[in-house]
Amino acid sequence: MIQIFKSLEELNENAATIFLTAAQKAIEEKGRFTAVLTGGSSPAGLYKLLASETYKSKIDWSKVYIFWGDERWVPLDNELSNAKMSFETFLSHVPIPKNNIFPMYRDGISATDFAVEYEKSIRNILGDEGQFDLILLGMGDDGHTASLFPGEAVLHEKTKWVDAYWLAPQNMHRITLTAPLINKAAKIIVIAFGEKKAPALKEVAEGDYNPEKYPMQLIKPVSGQLLFLVDTKAAGTMS
Ligand code: 6PG
């Protein structure tokens, strides 16, 4: 389902309400809320809203668990780090217990070995079912999501929950949740705005099924809900 908003402010308010509602429901029903954050620049407005008094006071943060959907394999103080952006705009401003936050990076270990560790961390919290309550995703101008990039072998991963690889076009290692794990989620929200997203979004939503070129198309929840929150610029000429 795609919801189109006239302004980024309205889009972020809706995204924050979805996050808040999902958190309150999960905490009420299960005593905890497990969420996956996206990197990139798109979620910054949402993260700042969640850290604002309006929303911050409405969630029992002591029962929230935070993972990431993907990471650039760089130290946590590196400007490219998705975790750094998330802490600066959001996590440093809400009282989530440190042990409930799982940055997708550690010094002194390879990305490949850490991917195995990260999967164990997820299993410890979610169990073998592996269902997150909420996963936030962005979408690249090329139709990638998380670190599921066009033409990469990770698009065909069927069993691993977390994988890492050398992303040659960006000259860096990436670590990412795989499509099979993402698709187990109860709710997946994709945030995409701006006219640069329009060509890929149209292909993803209305084009032929071609996930090798548009990996966003791999995201099809097994039993959960997938919701695209986009602005009119990203919706472009979609019918
Ligand atoms: C990353 C992100 C990535 C991001 C898209 C969109 O590590 O880059 O996780 O998947 O969501 O590239 O990026 P923007 O939000 O900056 O457009």
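Structure: see above.
Bear in mind that the values here come from a model prediction, so they are computed numbers and not experimental data. (Residues numbered from 1 in each chain as written. Predicted model: local features only at pLDDT ≥ 70, side-chain atom pairs only at ≥ 80, totals over all residues. Heavy atoms only, no water.)

(A) Geometry of the packing of aromatic side chains. Tallied over the entire structure, the rule returns 12 aromatic pairs. Ring geometry for Tyr-47 versus Phe-90: centroids 5.5 Å apart, planes at 25 degrees, classification stacked. You can see Tyr-47 sitting in helix α2 (residues 44-50) and its partner Phe-90 sitting in the loop between α4 (82-89) and α5 (111-126), a full 43 residues away along the chain. Judged by its relative accessible area of 0%, Tyr-47 falls in the buried class. Among the aromatic residues, those joined into a cluster by ring pairs are Phe-67, Trp-73, Phe-102, Tyr-105, Phe-114, Tyr-118 and Phe-132. (Phe/Tyr/Trp six-rings, centres within 6.5 Å; stacked < 30°, edge-to-face > 60°. Helix = DSSP H or I, 4+ residues; strand = E, 2+ residues; numbered from the N terminus. Buried < 20%, exposed > 50% of the residue type's maximum accessible area, 1.4 Å probe, protein only.)

(B) Local environment of the site of the ligand. Taken together, the neighbourhood of the ligand is formed by 16 residues, with Ser-42, Asp-70, His-144, Ala-146 and Lys-197 sitting nearest. Between the ligand and Arg-72, the relevant distance is 2.8 Å, taken from an oxygen atom to a side-chain nitrogen or oxygen of the residue. Ala-146 is positioned with one of its backbone polar atoms (N or O) 2.6 Å from an oxygen atom of the ligand. Taken by itself the ligand offers 410 Å² of open surface, and the protein chains cover 88% of this. When the residues that make up the shell around the ligand are grouped by side-chain class, the tally is two nonpolar, 10 polar and four charged. (Near = heavy atom within 4 Å. Polar contact = N/O pair within 3.5 Å; in protein donor to acceptor, adjacent residues only side chain to side chain. Areas by Shrake-Rupley, 256 points an atom, 1.4 Å probe, with all protein chains shown as cover. Nonpolar A, V, L, I, M, F, W, Y, C, P; charged D, E, K, R; others polar.)

(C) Examining the sheet that holds strand β7 (residues 172-177) more closely. Sheet architecture is open: three strands sit in the order β4-β7-β6, paired in antiparallel fashion. Each edge of the open sheet is held by one strand with a lone partner, namely β4 (70-72) and β6 (162-167). Across the sheet, the mean angle separating the axes of adjacent strands is 15 degrees when strand polarity is ignored. In this fold α5 packs onto β6 and β7, with an angle of close to 155 degrees to the strand it touches most, β6. (Pairing = 2+ DSSP bridges. Axes fitted to C-alpha atoms, helices over the stretch in contact; angles between N-to-C directions. Contact = heavy atoms within 4.5 Å.)

(D) Local environment of the pattern of salt bridges. Following the criterion strictly, the structure yields 13 salt bridges and no others. Between Asp-133 and Lys-30 there is a salt bridge, and its shortest N-O distance comes to 2.3 Å. Here Asp-133, found in the loop between α5 and β5 (134-138), pairs with Lys-30, found in helix α1 (residues 8-30); they are 103 residues apart in sequence, far enough to count as distant. Using a relative accessible area of 9% as the deciding quantity, one classes Asp-133 as buried. Note on Lys-30: relative accessible area 46%, which makes it partly exposed. Across the pair Asp-60 and Lys-63 runs a salt bridge whose closest N-O atoms are separated by 2.8 Å. For Asp-60, a relative accessible area of 32% puts it in the partly exposed group. Through salt bridges with shared partners, one network takes in Glu-79, Lys-84 and Glu-88. (Salt bridge = Lys/Arg side-chain N within 4 Å of Asp/Glu carboxyl O.)

(E) Quick peek at α4. Across the eight residues of α4, six count as buried, placing the element largely inside the fold. Buried within α4 we find Asn-82, Ala-83, Lys-84, Met-85, Ser-86 and Thr-89. On the buried face of α4, the contacting elements are β2 (33-37), α2, β3 (64-68) and β4. The distance from a side-chain oxygen at the start of α4 to the backbone nitrogen of Ala-83 is 3.2 Å, and the residue carrying that oxygen is Ser-81.

(F) Representation of the nonpolar core. Residues Phe-19, Phe-33, Phe-90, Tyr-118, Ile-122, Phe-132 and Leu-177 are the most contacted members of the largest nonpolar core, which totals 89 residues. For this core, the element with the most residues is α1, which contributes 10 residues. With near-sequence residues (within four places) excluded, Ile-122 lies in contact with Phe-67, Gly-127, Phe-132, Trp-161, Val-162, Leu-177 and Leu-181. (Core = buried A, V, L, I, M, F, W, Y, C linked by side-chain atoms within 4.5 Å.)

(G) Examining the sheet that holds β5 more closely. Taken in spatial order, the six strands of this open sheet run β1-β9-β8-β5-β2-β3, and their pairing is parallel. Single-partner strands in this sheet number two, and they are β1 (2-5) and β3. Between one strand axis and the next, the sheet turns through 20 degrees on average, direction left out of account. Where β2 lies against β5, two bridges are found, and the strand directions are parallel. Paired with Val-36 across the two strands is Ile-135, which belongs to β5. On the sheet, α5 packs against β2 and β3 and is oriented at approximately 155 degrees with respect to β3.

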